[in-house]
Amino acid sequence: MDPAKLRYAPTHEWVDIQGDTATVGLSKFAVDQLTDLLTIELPSVGTRVVAGKSFGEVESVKSVNDVYAPISGEVVEVNEPVAADVQLLSNDPYNKGWLVKIKIADPAEADALLDHAAYEKKITEDEH
């Protein structure tokens with residue numbers, strides 16, 4: 001996946017929308033901030049998620065952090081290899097490290113997501 005073509009939540013999740021399905025992951029910035037990842041908890045297929053609400057947790061040596069749904073819908077696929085080996089997320093957050101696929105409930109929610117330039121600006125501002 002090309003990070004420049006993805007949409008982003010202010011909470012550092014990325015979204016790739018293809019038709020009525022959104023693939024969701026964590027940005028490289030978020031993964032780098034967390035440093036050494038230990039485990040990740042992801043929802044089961046069939047779980048309904050709500051934009052802005054937590055759907056999982058990622059634990060690093062520094063902290064435990066919620067992972068938020070950038071868009072509402074139903075989880076239709078979970079990246080089981082990442083659930084089993086969180087290092088896939090560390091090593092390749094935009095390809096092998098995706099987290100879940102969501103069948104989108106309200107496509108208009110995507111309008112609230114940041115494009116790559118706006119996200120880059122946000123993380124630059126957050127670092128200061």
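Notes on the structure in this doc start here. Treat the numbers as computed from the prediction; the structure is a model and nothing was measured. (Residues numbered from 1 in each chain as written. Predicted model: local features only at pLDDT ≥ 70, side-chain atom pairs only at ≥ 80, totals over all residues. Heavy atoms only, no water.)

Some points on unusual backbone geometry
Across the chain, the bulk of peptide bonds are trans and the bulk of non-glycine residues have phi less than zero. Basically, it comes down to this: In this scheme, a residue with accessible area under 20% of its type's maximum is buried, one over 50% is exposed, and one in between is partly exposed, where area comes from a 1.4 Å probe on protein chains only. Here a helix means four or more residues in a row that DSSP labels H or I, a strand means two or more in a row labelled E, and each is numbered from the N terminus.
Positive phi outside glycine occurs at histidine 12, with the angle close to 80°. What makes histidine 12 buried here is its relative accessible area of 16%. Residues other than glycine seldom take positive phi values, yet threonine 35 does so here, at roughly 60°. Checked against the element boundaries, threonine 35 lands in the loop between α1 (28–34) and β4 (37–41).

Structural notes on the sheet that holds strand β6 (residues 54–60)
Applicable threshold: Paired strands, as defined in this entry, are two strands with at least two bridges between them according to DSSP. For helices, the fitted axis covers only the stretch in contact; all axes are lines through C-alpha atoms, and the angles between them, taken along N-to-C directions, range from 0 to 180 degrees.
Here 3 strands make up an open sheet; going across it, the order is β4-β6-β7 and the pairing antiparallel. Strand pairing shows two members of the sheet lacking a second neighbour, β4 and β7 (64–68), which therefore form its edges. Strand-to-strand, the axes of this sheet are offset by a mean angle of 25°, without reference to chain direction. The pairing of β6 with β7 spans 5 bridges and is classified as antiparallel. In the sheet register, glutamate 57 faces β7, and the bridge partner there is aspartate 66.

Looking at the packing of aromatic side chains
Keep this limit in mind: Put simply, two rings from Phe, Tyr or Trp (the six-membered ring, in Trp's case) pair if the centres are within 6.5 Å, and we call them stacked under 30 degrees between planes, edge-to-face over 60, tilted for the rest.
Evaluated as defined, the whole model comprises 2 aromatic pairs. Arranged with centres 4.3 Å apart and planes meeting at 10°, the rings of tyrosine 8 and tyrosine 119 form a pair that is stacked. In this pair, tyrosine 8 sits in strand β1 (residues 7–8) while tyrosine 119 sits in helix α4 (residues 116–126), placing the two residues 111 residues apart along the sequence. Tyrosine 8 gets classed as buried once you look at its relative accessible area, which sits at 1%. Given the relative accessible area of 2%, tyrosine 119 is considered buried.

Observations concerning the pattern of salt bridges
Operational definition: Take a side-chain nitrogen of Lys or Arg and a carboxyl oxygen of Asp or Glu: if they are within 4 Å of each other, that pair is a salt bridge.
All told, the structure shown has 4 salt bridges when counted by the stated rule. The closest approach of N and O atoms between aspartate 20 and lysine 103, which form a salt bridge, is 2.5 Å. A residue pair is termed long-range when its members are at least 10 positions apart, and aspartate 20 in the loop between β2 (13–18) and β3 (21–26) and lysine 103 in strand β9 (residues 100–104) qualify at 83 residues. Residue lysine 103 is classed as partly exposed on the basis of its relative accessible area of 40%. For the salt bridge of arginine 48 with glutamate 74, the shortest nitrogen-to-oxygen distance reads 3.6 Å. One end of the pair, arginine 48, is in strand β5 (residues 48–49); the other, glutamate 74, is in strand β8 (residues 73–78), and 26 residues separate them in sequence. Judged by its relative accessible area of 27%, glutamate 74 falls in the partly exposed class.

Thoughts on the pairing of β3
Of all the 6 residues making up β3, 5 are buried; the element is thus mostly covered by neighbouring parts of the structure. Relative to β3, β2 runs antiparallel, the two being bridged by 6 bridges. Its bridge partner lying in β3, glutamate 13 is registered against leucine 26. Adjacent in sequence and paired antiparallel, β2 and β3 are bridged by 2 residues, among which glycine 19 carries a positive phi angle near 65°. Sheet topology note: the β3/β9 ladder contains 4 bridges and is antiparallel. Looking at the pairing, threonine 21 lines up with lysine 103 of β9.

Read these as layout, nothing more, since geometry by itself doesn't imply function.
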